[in-house]
Amino acid sequence: MTEPSFPRSEIRVVLFEGISDTAAEAFRGAGYGNVETHPRALTGDALLAAVRPAHVIGIRSRTQLTAEVLAAAKKLVAVGCFCIGTDQVDLGFARRRGVPVFNAPYSNTRSVAELVIAEAILLLRRIPERNMGCHRGDWQKSAAGSREARGKTIGIVGYGHIGSQVGVLAEMLGMRVLYHDVSAKLPLGNVEAARDLDDLLERSDAVTLHVPDAPDTIGLIGESQLRRMRPGAVLINASRGKVVDLDALRSALLGGHLAGAAVDVFPEEPASREVPFASPLLGVDSVLLTPHIGGSTEEAQAGIGREVAAKLLRYSDDGSTLSAVGFPEVTLPAQRAGARLLHVHENQPGMLGAINDVIGRGDANIDAQFLRTVEDVGYVVTDVEASREAALALQSELRAIPGTLRSRVLF
Ligand code: NAI
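Residues numbered from 1 in each chain as written. Predicted model: local features only at pLDDT ≥ 70, side-chain atom pairs only at ≥ 80, totals over all residues. Heavy atoms only, no water.

Trainee: What is the right way to look at the overall build of the chain in this model?
Mentor: Each helix and strand in the chain was counted, giving 13 helices and 16 strands. Projected onto its principal axes, the C-alpha positions of the chain cover 85 × 45 × 35 Å. Residues counted as buried form 49% of the 411 residues belonging to the chain. For the chain, the share of sequence-separated contacts (at least 6 apart) that also reach a separation of at least 24 residues comes to 64%. (Helix = DSSP H or I, 4+ residues; strand = E, 2+ residues; numbered from the N terminus. Buried < 20%, exposed > 50% of the residue type's maximum accessible area, 1.4 Å probe, protein only. Contact = heavy atoms within 4.5 Å.)

Structure, rendered in structure tokens:
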């Protein structure tokens, strides 16, 4: 393994918001002894004081890493968002400071897929209405409209990470699986591609949505799509709130065209528990409502802790920025010998030439080199055959190149 020029034991890692212990364990296990953990998000002066000495900051969705906070963290090398979203970080400012931001987009895939399967079973059995009835003392024992999942067709809209997992689990239950995706996808198992969205809606007993938040997915399921669904079919949305027109869904449910729905995501979601939740679906017996918890399980949290810590460690130890958000993604094979020079700079013509001039003048042979740019920032990783002293001398010259944002050396 390579060695950062700065000793691992002195690299300060500050983790906020009760990030899973798996993260702190990963850092300590890799020799990063200086790990500070905070159970909650901090704000104002307390946050500024906590980030000031940090080389690595780990947050979840509540900590706001604004330009002011990032500017106060003068020693900052990398940020880990131990969650999916990165909106809480000023990504442009971080990039221009040469600080990559990592997240964990896929650690909760299985958790969402399991919930969707559970909901498909409950909805096909019309359990939400039976449950509400019992709560009111209404003993509705009829089997009418109550169906097994076995042999029924589930239509998956968006056959990506989650959609394809849902397909695998649904087949294990004996369901037939159709999917529709705008990109060409490799179908797993016996899954079949629908001709288009309408075809999927017309042939499915349960439709489940797994598309991203994008201009073309807003209102993807509106009144006319709901009308195309089979009478007595059910709809599940654990993707993004704006994908379904909830007023149209309410009408389709109350009018009896659809037998039920499960909704985990909403166009407007309360920012905290103190804010009351409102939706056109409140009070509709055939609807299962959940507060955007599709991916919220202990296993997902533990997985996120491991995944983001691994990305931060990899960047710290070998310079790889693979899967960084809004930052040039550079990855090289394991360093073979000598030193690895990492250089983040303003994306302007002549940078690579200037870097290689310095290395050439230092009489160091280049073993491997990789460059990537994203918007206003470029990142070059260069492996050189050079002694520790020669590499440190090269690094100080690289730092002096106008437009340099950050440079590090690994041995
Ligand atoms: P992904 O990016 O792996 O898959 C999305 C798929 O949708 C891709 O295959 C893409 O080609 C396809 N797609 C895009 N636009 C489409 C369209 N107009 N019609 C049909 N297909 C389209 O994403 P992943 O990880 O599977 O996540 C899916 C959704 O689930 C995202 O919106 C994500 O935010 C949400 N999610 C919700 C969670 C929850 O707690 N409820 C937790 C995790 C993710």
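Trainee: Even after reading the chapter, I still don't get the packing of aromatic side chains, so can you show me in this structure?
Mentor: By convention here, two paired aromatic rings are described through the distance between centres and the angle between planes. Taken as a whole and judged by the stated rule, the model has 5 aromatic pairs. Centroid distance Phe27 to Tyr32: 6.0 Å. Interplanar angle 65 degrees. Geometry classified as edge-to-face. When its relative accessible area of 1% is taken as the criterion, Phe27 is described as buried. You can call Tyr32 buried: its relative accessible area is 1%. An angle of 70 degrees between the planes, with centres 4.8 Å apart, marks the rings of Phe266 and Phe277 as edge-to-face. Taken together, the residues span a long stretch of sequence, with Phe266 in the loop between β11 (260-263) and β12 (287-289) and Phe277 in the loop between β11 and β12 at a distance of 11 residues. Given a relative accessible area of 7%, Phe266 falls into the buried group. Note that Arg388 overlies the ring of Phe411, its terminal NZ or CZ placed 4.2 Å from the centroid. Here the basic side chain of Arg408 rests over the ring of Tyr315, its NZ or CZ set 4.7 Å away from the ring centre. (Phe/Tyr/Trp six-rings, centres within 6.5 Å; stacked < 30°, edge-to-face > 60°. Lys NZ or Arg CZ within 6 Å of the ring centre and 35° of its normal.)

Trainee: Honestly, the pattern of salt bridges in this entry has me stumped. Any pointers?
Mentor: Oppositely charged side chains are able to pair whenever their charged atoms sit close together. Scanning the entire structure with this criterion turns up 22 salt bridges. Arg314 serves as the salt-bridge partner of Asp318, at 3.6 Å between the closest nitrogen and oxygen. Here Asp318 and its partner Arg314 are both found in helix α11 (residues 298-318), 4 residues apart, which amounts to about one turn of the helix. Note on Arg314: relative accessible area 35%, which makes it partly exposed. (Salt bridge = Lys/Arg side-chain N within 4 Å of Asp/Glu carboxyl O.)

Trainee: Honestly, the nonpolar core in this entry has me stumped. Any pointers?
Mentor: The nonpolar side chains of soluble globular proteins are, as a tendency, buried together. The biggest cluster of nonpolar side chains holds 31 residues, and the ones touching the most others in it are Val13, Leu15, Phe27, Phe82, Leu312 and Tyr379. Of all the elements in the fold, those that place two or more residues in this core are β1 (13-15), α1 (21-29), α11, β13 (339-346) and β15 (377-385). Counting residues per element, this core draws most heavily on α11, which supplies 6 residues. Within the second largest apolar cluster, 28 residues are counted, among which are Ala194, Val207, Met229 and Val244. (Core = buried A, V, L, I, M, F, W, Y, C linked by side-chain atoms within 4.5 Å.)

Trainee: I tried to follow the site of the ligand on my own but got confused; where do I start?
Mentor: Near the ligand you find 26 residues, and of these His161, Ile162, Asp181, Val211 and Asp264 are the closest. His161 is positioned with one of its side-chain polar atoms (N or O) 2.6 Å from an oxygen atom of the ligand. In the environment of the ligand, an oxygen atom lies 2.7 Å from a nitrogen or oxygen atom belonging to the backbone of Val211. When isolated, the ligand has an accessible area of 870 Å², and the protein chains bury 86% of it. The class makeup of the residues in the shell around the ligand is 9 nonpolar, 12 polar and 5 charged. (Near = heavy atom within 4 Å. Polar contact = N/O pair within 3.5 Å; in protein donor to acceptor, adjacent residues only side chain to side chain. Areas by Shrake-Rupley, 256 points an atom, 1.4 Å probe, with all protein chains shown as cover. Nonpolar A, V, L, I, M, F, W, Y, C, P; charged D, E, K, R; others polar.)

Trainee: So what exactly am I meant to see when it comes to the domain arrangement of the chain here?
Mentor: Accessible area lost when the parts come together is the quantity often used to give the size of an interface. Examined at the domain level, the chain breaks down into domain 1 (1-107 + 297-327), domain 2 (109-289) and domain 3 (328-411). Here the C-alpha centroids of domain 1 and domain 3 sit 24 Å apart. Listed as interface residues are 24 residues of domain 1 and, on the opposing side, 20 residues of domain 3. Carbon and sulfur atoms make up 47% of the surface buried where domain 1 meets domain 3, a total of about 1,800 Å² over both sides. Between the two partners, domain 1 and domain 3, sit 3 salt bridges. The residue Asp376 makes a salt bridge to Arg96 at a minimum N-O spacing of 3.1 Å. Counting across the domain 1 and domain 3 interface gives 15 residue pairs in polar contact (both at pLDDT 80 or more). Residue assignment for the side of domain 1 that touches domain 3 shows that the elements contributing at least two residues are α4 (91-96) and α11. Here the side of domain 1 that touches domain 3 gets 5 residues from one element, more than from any other, and that element is α11. (Domains from an automatic or database assignment. Buried area = accessible area lost by both parts, 1.4 Å probe.)

Trainee: Please clarify how the state of the cysteines should be interpreted in this entry.
Mentor: As used in these notes, a disulfide is a covalent bond between sulfur atoms, one from each of two cysteines. Summed over all chains, the structure comprises 0 disulfides. Here Cys81 stays free of any disulfide, with the sulfur of Cys83 as its closest cysteine sulfur at 5.0 Å. Residue Cys81 is classed as buried on the basis of its relative accessible area, which comes to 0%. (Disulfide = S-S within 2.5 Å.)

Trainee: I keep staring at a nonpolar patch on the surface and nothing clicks. Help me out?
Mentor: A cluster of nonpolar residues, Val168, Met172, Leu186 and Leu188, forms a patch on the protein surface that exposes about 420 Å² of accessible area. Secondary-structure assignment places Met172 in helix α7 (residues 161-172). (Patch = residues over 30% accessible without salt bridge, like charges linked within 9 Å, V, L, I, M, F, W, Y side chains within 5 Å.)

Trainee: Would you mind going over unusual backbone geometry with me for this structure?
Mentor: Excluding glycine, residues mostly carry a negative phi; peptide bonds, for their part, are mostly trans. In this structure, Arg126 takes a positive phi of about 60 degrees despite not being glycine. Tracing the chain through its elements places Arg126 in the loop between α5 (109-124) and α6 (127-135). The class of Arg126 is partly exposed, set by a relative accessible area of 24%. Despite not being glycine, His292 has its phi angle at roughly 50 degrees, a positive value. Within the element layout of this structure, His292 appears in the loop between β12 and α11. Take His292: its relative accessible area is 40%, and that puts it in the partly exposed class.

Trainee: Just checking my understanding: could you explain α5 for this structure?
Mentor: When the terminal C-alpha atoms of α5 are compared, their 23 Å separation across 16 residues agrees well with the 22 Å that a helix rising 1.5 Å per residue should span. Among all positions of α5, only Thr109, Ser111, Val112, Ala113, Val116, Ile117, Glu119, Ala120, Leu123 and Leu124 are buried. Positive backbone phi, at 60 degrees, marks Arg126, one or two positions downstream of α5. (Expected span 1.5 Å × (residues − 1).)

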